[in-house]
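Listed below are the residues making up each chain.
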Amino acid sequence: MAGELEGSKALGGLLNGLAQDAFHGHQGITEELLRSQLYPEVPSEEFRPFLVKMKGILKVLLLPAPAARTPFCSANESIASADMDFNQLEAFLTAQTKKQGGITSDQAAVISKFWKSHKTKIRESLMKQSRWDSGLRGLSWRIDGKSQSRHSAQIHTPVAIMELELGKNGQESEFLCLEFDEVKISQVLKKLSEIEESISTLMQPT
């Protein structure tokens, strides 16, 4: 039965099934379903270690480089920032073919082809899953006169009205309206200037 697992014919389907289950949220893709559809001649006790091995390889492909990790990254954000380039991919798979109990050259070729075809979609899916809060869909603003205030002197003074359109994937938008007077606008501009300065400092070559 080992020959069945060493072949590459069904491996593409197995990797796709694992990706659909782990990264795209498609439920119902069980170990027994994958075995019966792709490796029907392989007993469960032989198929299970092979399945675990392939899951492990996919996880390694998605691990970010140490430089990409920050103390503030959540697990999903860290995974979604993965950027193993194709040279690193080939080096990793070559090492796996030389490892005792690793993979065959044919299997490495199938994994390489799968990763090159699916990497972008997997990353996009993980990015969506890692977004806990609503995303910004739109923004509009205008200058208006203040119509209500506890202090009569502030009525009719100019204010900036900003409307944010927020929403989660697959849900209807929500709208948030913000009002800024001259002082608040100055504070926002100051914060934006500080953020821009920080980004410029981080982008400077060391």
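Further up the page is the structure itself.
Here is a short report on the structure shown in this document. The model shown is predicted, which means the values in this text are computed figures rather than measured ones.

**Some points on the side chain of Ser112**
Phase 1: Secondary-structure assignment places Ser112 in helix α7 (residues 105-130).
Phase 2: Looking at Ser112, its side chain comes within polar contact range of the side chain of Glu90, at 2.7 Å.
Phase 3: Aside from chain neighbours lying at most four places away, what touches Ser112 is Leu89, Glu90 and Leu93.

**Thoughts on the environment of Pro158**
Phase 1: Positionally, Pro158 belongs in strand β2 (residues 158-167).
Phase 2: Sequence separation between Pro158 and Asp181 is 23 residues, and the spatial gap between their C-alpha atoms is 7.0 Å.
Phase 3: With near-sequence residues (within four places) excluded, Pro158 lies in contact with Ile143 and Asp144.

**Brief notes about the sheet that holds strand β1 (residues 135-145)**
Phase 1: Pairing within the open sheet is antiparallel, and its 3 strands lie in the order β1-β2-β3. This sheet does not close on itself; its edge strands, each paired only once, are β1 and β3 (174-180). The sheet shows a mean angle of 20° between the axes of neighbouring strands, taken without regard to direction.
Phase 2: Relative to β2, β1 is paired through 10 bridges, and the arrangement is antiparallel.

**A closer look at the pattern of salt bridges**
Phase 1: Under the counting rule described, the total for this entry stands at 5 salt bridges.
Phase 2: One salt bridge in this structure joins Glu194 and Lys191, with 3.9 Å as the shortest N-O distance. Of this pair, Glu194 and Lys191 both sit in helix α8 (residues 182-203), 3 residues apart, roughly one helical turn.
Phase 3: For Lys191, a relative accessible area of 54% gives the class exposed.

Conventions used here
Residues numbered from 1 in each chain as written. Predicted model: local features only at pLDDT ≥ 70, side-chain atom pairs only at ≥ 80, totals over all residues. Heavy atoms only, no water. Helix = DSSP H or I, 4+ residues; strand = E, 2+ residues; numbered from the N terminus. Polar contact = N/O pair within 3.5 Å; in protein donor to acceptor, adjacent residues only side chain to side chain. Contact = heavy atoms within 4.5 Å. Pairing = 2+ DSSP bridges. Axes fitted to C-alpha atoms, helices over the stretch in contact; angles between N-to-C directions. Salt bridge = Lys/Arg side-chain N within 4 Å of Asp/Glu carboxyl O. Buried < 20%, exposed > 50% of the residue type's maximum accessible area, 1.4 Å probe, protein only.

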